[in-house]
Amino acid sequence: RCNEYKKYEQQNTTIGRDTLLYQPPPPPLLSTFNTVMKAWSKSNSIDSGKNAERIFTMMERWVFNDTIPTTTIGVGGPSPSSGPNAQSLAIVFDAWANSKHEDSIPRVLATLHHVIH
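Residues numbered from 1 in each chain as written. Predicted model: local features only at pLDDT ≥ 70, side-chain atom pairs only at ≥ 80, totals over all residues. Heavy atoms only, no water.

Colleague: Before we move on, could you go through the overall build of the protein and cite the residues and values that matter?
Modeller: Each helix and strand in the protein was counted, giving six helices and four strands. Element order for the protein, N to C, with α for helix and β for strand: α-β-β-α-α-β-α-β-α-α. Across the 117 residues in the protein, those meeting the buried criterion constitute 28%. Split by element, the accessible area of the protein, about 8,200 Å² in all, is 57% carbon and sulfur. (Helix = DSSP H or I, 4+ residues; strand = E, 2+ residues; numbered from the N terminus. Buried < 20%, exposed > 50% of the residue type's maximum accessible area, 1.4 Å probe, protein only. Areas by Shrake-Rupley, 256 points an atom, 1.4 Å probe, with all protein chains shown as cover.)

Colleague: Account for the pattern of salt bridges, with residues named and values stated.
Modeller: In the structure shown here, the tally under the stated rule is two salt bridges. Here Asp47 ties to Lys50 by a salt bridge, and the two come within 3.8 Å at their closest N and O atoms. Across the pair Glu53 and Arg107 runs a salt bridge whose closest N-O atoms are separated by 2.2 Å. Placement of Glu53 in helix α3 (residues 48-65) and of Arg107 in helix α6 (residues 104-116) is noted, with a sequence separation of 54 residues between them. (Salt bridge = Lys/Arg side-chain N within 4 Å of Asp/Glu carboxyl O.)

Colleague: An account of the packing of aromatic side chains is needed here, citing residue identities and associated values.
Modeller: Inspection of every chain in the model, using the stated rule, returns one aromatic pair. With centroids separated by 5.4 Å and ring planes inclined at 80 degrees, the aromatic side chains of Phe33 and Trp62 adopt a geometry described as edge-to-face. Pair noted here: Phe33 is in helix α2 (residues 30-43) and Trp62 is in helix α3, with a separation of 29 residues, a long-range link. For Phe33, a relative accessible area of 6% puts it in the buried group. Residue Trp62 is classed as buried on the basis of its relative accessible area of 1%. (Phe/Tyr/Trp six-rings, centres within 6.5 Å; stacked < 30°, edge-to-face > 60°.)

Colleague: Outline the confidence of the model for the protein, listing residues and values.
Modeller: Scored by pLDDT, the protein has a mean of 79; 65% of the residues are at 70 or more. Confidence, read as mean pLDDT per element, is least for helix α4 (residues 70-73) in the protein (46) and greatest for helix α5 (residues 86-99) (95). Overall, residues 70-75 carries pLDDT values under 50, and its contacts beyond four positions in sequence, including any with other chains, amount to eleven contacts. (pLDDT = per-residue confidence, 0-100. Contact = heavy atoms within 4.5 Å.)

Colleague: Please give an account of the nonpolar core that cites residues and values.
Modeller: One broad trend across soluble globular proteins is that nonpolar side chains are buried collectively. Core analysis: the biggest nonpolar cluster contains 15 residues, and Phe33, Met37, Ala52, Ile55, Phe56, Met59 and Val92 have the highest contact counts within it. Going through the elements one at a time, α2, α3 and α5 are the ones with two or more residues in this core. In terms of residue count, α3 provides more of this core than any other element does, six residues in total. (Core = buried A, V, L, I, M, F, W, Y, C linked by side-chain atoms within 4.5 Å.)

Colleague: A description of the packing of α2 against α5 should follow, citing residues and the corresponding values.
Modeller: Close contact between α2 and α5 brings their axes to 8 Å; oriented N to C, the two are set at 15 degrees. By the angle between their directions, the pair α2 and α5 is classed as roughly parallel. For the pair α2 and α5, the sense of crossing is left-handed. Counted together, Leu30, Asn34, Met37, Lys38 and Ser41 of α2 and Gln87, Ser88, Ile91, Val92, Asp94, Ala95 and Asn98 of α5 form the full contact between these two elements. Here the contact of α2 with α5 is built from residues that sort into five nonpolar, five polar and two charged. (Axes fitted to C-alpha atoms, helices over the stretch in contact; angles between N-to-C directions. Parallel < 35°, antiparallel > 145°, perpendicular 65-115°, else oblique. Left-handed = near helix turned anticlockwise from the far one by under 90°. Nonpolar A, V, L, I, M, F, W, Y, C, P; charged D, E, K, R; others polar.)

Structure representation (structure tokens):
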């Protein structure tokens, strides 16, 4: 990551005397979303399942709408080439299981039903 950041920094350095070339960060990828959901899953927060499910829904909407609103996560632009995958779904299930929320089993079943239908 350090080398990637250095490369990004080099692309955004001063040009001429006082001109700064700005490039916005790239839009998040599938792995970005999965990593954030996995962090929620490991947090053991009572809201981890709810938050992972929100991210999963955001991924679905982004793919089906082809863009994501800037206000949602701070970046806008084209959707990733693929939506949530089987790993994404498993992470949501894991987040609900780790949340110890009283509705975790019904939420897992509802999410599974949503994906199947």
